[in-house]
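Letter by letter, the chains look like this.
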Amino acid sequence: MRKTLALALVALLALPGAAPLSDIDISVDHLRSTKGLLQLCLTANERSFPGCEDDPAARRMTVRAKDAVARFENLPVGQYALAIVHDENGNNKLDTFAGIPKEGIGFSRNPSFSFGPPRFSQVVFVAQGAGTSQRVKIKYYL
């Protein structure tokens, strides 16, 4: 009986809509121009932050910089980290000079950072249903 109940519970959780879902609204501030694109990467995997590498569950999105808003929909409730690149020239990569970003970068929770990206623990936030949002300030070095 206990095994049957456990199997029924697992089957119920596997049904679409059974797990709680969340939407995350993103707004981007401090862009130095409205040229180009914003490349967004959202991951729940610490090892895949900040570029979403090797995370099949990561969500990537590209929006026009002049819009400065994005929305990730139907995400499982949980912890996430967001990285954004202001790809001003639209070449789909972060341009650097001597290892210093020439284009803007920003992260969820707007942590202080100077050399290299912030740690996952500095940027992680909880998506917990409707009304989850992040306002990201873009930082430029060059």
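These numbers were taken from a predicted model, which means no experiment stands behind them.

Moving on, we come to the pairing of strand S2 (residues 37-43). Across the seven residues of S2, six count as buried, placing the element largely inside the fold. Two elements, S2 and strand S3 (residues 59-64), share six bridges in a ladder whose sense is antiparallel. Bridge pairing in S3 places Leu 40 opposite Met 61.

Right, let's talk about the packing of aromatic side chains for a bit. One pass over the structure, following the stated rule, counts four aromatic pairs. Aromatic side chains Phe 107 and Phe 113 sit 5.1 Å apart centroid to centroid with 85° between the ring planes, which places their arrangement in the edge-to-face category. Across the pair, Phe 113 and Phe 107 agree in class, each one buried. Taken together, the ring pairs in this structure connect Phe 49, Phe 107, Phe 113, Phe 120 and Tyr 141 into an aromatic cluster. A cation over an aromatic ring shows up here: Lys 139 above the ring of Phe 113, its NZ or CZ 4.8 Å from the ring centre.

Our focus in this paragraph is the pattern of salt bridges. Evaluated as defined, the whole model comprises six salt bridges. Note that Arg 71 is salt-bridged to Asp 23, the shortest N-O span being 3.8 Å. Of this pair, Arg 71 sits in strand S4 (residues 69-76) while Asp 23 sits in strand S1 (residues 21-29), and the two are 48 residues apart along the sequence. Residue classification places Asp 23 among the partly exposed positions, given a relative accessible area of 22%. Its salt-bridge partner being Asp 25, residue Arg 71 comes within 2.6 Å of it at the nearest N-O pair. Separated by 46 residues along the polypeptide, Arg 71 in strand S4 and Asp 25 in strand S1 bring together distant segments of the chain. Its relative accessible area of 38% is what places Arg 71 among the partly exposed residues. Each of Asp 23, Asp 25, Arg 71 and Glu 73 takes part in salt bridges that share partners, so that together they form one network.

Moving on to unusual backbone geometry. Looking along the chain, the bond that leaves Phe 49 and enters Pro 50 is cis, with omega of 10°. Here Pro 50 shows up in the loop between S2 and S3. The phi angle at His 30 is positive, at roughly 65°, despite the residue not being glycine. With respect to the secondary-structure elements, His 30 resides in the loop between S1 and S2. Of the residues examined, His 30 reaches a relative accessible area of 54% and is grouped as exposed.

Turning next to the confidence of the model for the protein. Per-residue pLDDT for the protein has a mean of 90; in total, 87% of the residues score no lower than 70. Scored below 50 in pLDDT, residues 1-13 makes three contacts in the model with residues more than four places away or belonging to other chains.

So, how was this worked out
- Residues numbered from 1 in each chain as written.
- Predicted model: local features only at pLDDT ≥ 70, side-chain atom pairs only at ≥ 80, totals over all residues.
- Heavy atoms only, no water.
- Buried < 20%, exposed > 50% of the residue type's maximum accessible area, 1.4 Å probe, protein only.
- Helix = DSSP H or I, 4+ residues; strand = E, 2+ residues; numbered from the N terminus.
- Pairing = 2+ DSSP bridges.
- Phe/Tyr/Trp six-rings, centres within 6.5 Å; stacked < 30°, edge-to-face > 60°.
- Lys NZ or Arg CZ within 6 Å of the ring centre and 35° of its normal.
- Salt bridge = Lys/Arg side-chain N within 4 Å of Asp/Glu carboxyl O.
- pLDDT = per-residue confidence, 0-100.
- Contact = heavy atoms within 4.5 Å.

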